[in-house]
Amino acid sequence: MTTRTLRIALLTSTLLAGAAQAQDVTLTIESWRNDDLTIWQDTIIPAFEAQNPGIKVVFAPSAPAEYNAVLNSKLDAGSAGDLITCRPFDASLELYNKGKLADLTALAAMANFSPVAKSAWQTDDGTATFCVPMASVIHGFIYNADAFAQLGIEVPQTEAEFFAALDKIKADGTYIPMAMGTNDQWEAATMGYNNIGPNYWKGEEGRLALIKGEQTLTDPQWVAPFTQLARWKDYLGDGFEAQTYPDSQNLFTLGRAAIYPAGSWEISGFNTQAGFKMGAFPPPVAAAGDTCYISDHTDIALGLNAASPNADQAKVFLEWVGSPEFATLYANALPGFFSLNSTPVEMADPLAKEFVSWRDTCQSTIRSTYQILSRGTPNLENETWNASANVIKGTETPEAAAERLQAGLASWFAPQQ
């Protein structure tokens, strides 16, 4: 080989290597779900990379409590990753309004999601969507199926059957009827008020009417869930006022309580901790045949850093996140985090399958306080925590709690004035 031929060969190999390196792009995902790291590394990312040679993906989560602050600092400094895991509603909307998240309305995959699925990551007028929906969590009740069989209790479908079941469990004395405390407050609202409430205010119909100022929190359908919560006091066991969220989880998984007001995020943990067969039922309706409503709460999505130098490749990844293939991978890797994709996902976990089956028979809605209504002071979400806990403890009447929440909302929210 001549010197000239050798030079040409070396130059050609250098150019080819440069082209290969130029083609390989690494996308970084910012997230607060650090417990998902192995699922992304072992299952989700390899599936994408196998179909998309030249695009590498790194999942780089922060600690959940620090995520918002860390992400904002990185975005301001220009050092944030290409893909941003989006919390629902106002935190992500603020990032979009500041120009930190790109408008993803034009992504083809957005056609795979319903208006409710997209609502947590849209502008108030719905004209722009800035994150691809990934998953929701569903509320209801998880129960000890062995305890129900032992006591001869059928799964309740109506409120009357629900309280009859609680009475039977209480009379027997083997189990605490229901595991929930009021010490941490949030669970009283999240697994209490916003769990049973949609059946009263008719899900999206009532939630949107509240935002428009067409209904108020003192209307009967908004007071009624508090009235039911006030009845729960008799079934929560001794010392429930001091009982924390982890206490309630332990009471149930140790087999000491028969029913647990739940979010589907409990499924993975309960599967590993409970030594008994479990089942689940949706919030009981007032009367047989009534339309049922479930809190099918939009929880997590993925957006594009508006300053990403790899926007084209990031959009390839986001189109895939919006696909049925991703939906199936994610929902089975994390049972209890349900796909928001309109294409049905076949899941293996029986408890997860039970929760998600309610979408076929009930109307889905989201937590009433999360969109728009908690932007002011007092914050309606946090006030509802306190009110729900007070009503259960009996320190505030349902009517007084509703009046306080309404006065607080009307003090800053124009449609309610």
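1. Points about the overall build of the chain
If you tally the helices and strands in the chain, you get 18 helices and 10 strands. With respect to the principal axes defined by its C-alpha atoms, the chain has extents near 100 × 50 × 40 Å. A total of 417 residues make up the chain; the buried ones form 53% of that total. Taking the intrachain contacts of the chain between residues at least 6 apart in sequence as the baseline, contacts between residues at least 24 apart amount to 75%. Element-wise, carbon and sulfur atoms account for 52% of the exposed surface of the chain, whose accessible area totals about 17400 Å². The average position of the 25 basic charges and that of the 46 acidic charges among the side chains of the chain differ by 5 Å.

2. Examining the domain arrangement of the chain
Reports of interface size often rely on the accessible area that becomes lost once the parts have come together. The domain architecture assigned to the chain consists of domain 1 (2-135 + 298-352) and domain 2 (138-296 + 364-416). Taken together, both faces of the contact between domain 1 and domain 2 bury some 1400 Å²; the carbon and sulfur share is 60%. Looking only at domain 1, the three residues that lose the most surface to domain 2 are F89, D90 and L351, adding up to 38% of its buried area. For the interface between domain 1 and domain 2, the tally reads 2 salt bridges. The residue D124 makes a salt bridge to R375 at a minimum N-O spacing of 2.8 Å. On inspection of domain 1 and its partner domain 2, the count reaches 6 residue pairs in polar contact (both at pLDDT 80 or more). Among the elements of the structure, α4 (90-97) and α16 (350-357) are those that each provide at least two residues to the side of domain 1 that touches domain 2. Looking at the side of domain 1 that touches domain 2, its residues break down into 8 nonpolar, 3 polar and 3 charged.

3. Thoughts on the environment of E381
With respect to the helices, strands and loops of the structure, E381 is situated in helix α17 (residues 380-393). As a C-alpha pair, E381 and Q371 span 10 residues in sequence and 9.8 Å in three-dimensional space. For E381, the residues in contact, after removing those within four places along its chain, are T369, Y370 and S374.

4. Here's the deal with the environment of W358
Inspection of the secondary structure puts W358 in the loop between α16 and β10 (362-365). Along the primary structure W358 and C131 are separated by 227 residues, whereas in three dimensions their C-alpha atoms are 26 Å apart. Not counting chain neighbours up to four residues away, the residues in contact with W358 comprise I138, H139, G140, A280, F281, P282 and I294.

5. Observations regarding the state of the cysteines
As enumerated under the stated definition, the model contains 2 disulfides in all. Note on cysteine connectivity: C86 is disulfide-linked to C131, with sulfurs 2.1 Å apart. Measuring handedness by torsion sign, the sulfur bridge of C86 and C131 sits at about -75 degrees and is left-handed. One end of the pair, C86, is in strand β3 (residues 83-86); the other, C131, is in strand β4 (residues 131-144), with 45 residues separating them in the sequence. Residue C86 is classed as buried on the basis of its relative accessible area, which comes to 1%.

6. Some details on the pairing of strand β1 (residues 25-31)
Of all the 7 residues making up β1, 5 are buried; the element is thus mostly covered by neighbouring parts of the structure. Relative to strand β2 (residues 55-61), β1 runs parallel, the two being bridged by 7 bridges. In the strand pairing of β2, E30 is matched with A60. Once you follow β1 into helix α2 (residues 37-51) and on to β2, the crossover reads as right-handed.

7. A short note on unusual backbone geometry
The omega angle of the peptide bond from T377 to P378 is 5 degrees, so this bond is cis rather than trans. In the Ramachandran plot, F89 falls in the positive-phi region, its phi being about 65 degrees despite a non-glycine side chain. Of note, F89 is situated in the loop between β3 and α4. You will see that I372, though not glycine, has its phi angle at about 75 degrees, which is positive. Counting through the fold element by element, I372 comes out in the loop between β10 and α17.

8. Re the packing of aromatic side chains
Across all of its chains, the model carries 31 aromatic pairs by this definition. Measuring from centroid to centroid gives 6.4 Å for F89 and Y370, while their planes differ by 70 degrees, and the two rings are edge-to-face. One end of the pair, F89, is in the loop between β3 and α4; the other, Y370, is in the loop between β10 and α17, with 281 residues separating them in the sequence. With a relative accessible area of 4%, F89 lands in the buried category. Connected via pairs of aromatic rings, a cluster forms that spans F141, Y143, F148, F162, F163, W232, Y235 and F281. The side chain of R33 reaches across the aromatic face of F337, ending 4.5 Å from its centre. Across from the ring centre of Y370, 5.2 Å away, lies the NZ or CZ of R367, which sits over that ring.

The rules behind each value
- Residues numbered from 1 in each chain as written.
- Predicted model: local features only at pLDDT ≥ 70, side-chain atom pairs only at ≥ 80, totals over all residues.
- Heavy atoms only, no water.
- Helix = DSSP H or I, 4+ residues; strand = E, 2+ residues; numbered from the N terminus.
- Buried < 20%, exposed > 50% of the residue type's maximum accessible area, 1.4 Å probe, protein only.
- Contact = heavy atoms within 4.5 Å.
- Areas by Shrake-Rupley, 256 points an atom, 1.4 Å probe, with all protein chains shown as cover.
- Lys, Arg positive; Asp, Glu negative; His and termini not counted.
- Charge placed at Lys NZ, Arg CZ, Asp CG, Glu CD.
- Domains from an automatic or database assignment.
- Buried area = accessible area lost by both parts, 1.4 Å probe.
- Salt bridge = Lys/Arg side-chain N within 4 Å of Asp/Glu carboxyl O.
- Polar contact = N/O pair within 3.5 Å; in protein donor to acceptor, adjacent residues only side chain to side chain.
- Nonpolar A, V, L, I, M, F, W, Y, C, P; charged D, E, K, R; others polar.
- Disulfide = S-S within 2.5 Å.
- Pairing = 2+ DSSP bridges.
- Right-handed = clockwise from strand over helix to strand, strands pointing away.
- Phe/Tyr/Trp six-rings, centres within 6.5 Å; stacked < 30°, edge-to-face > 60°.
- Lys NZ or Arg CZ within 6 Å of the ring centre and 35° of its normal.

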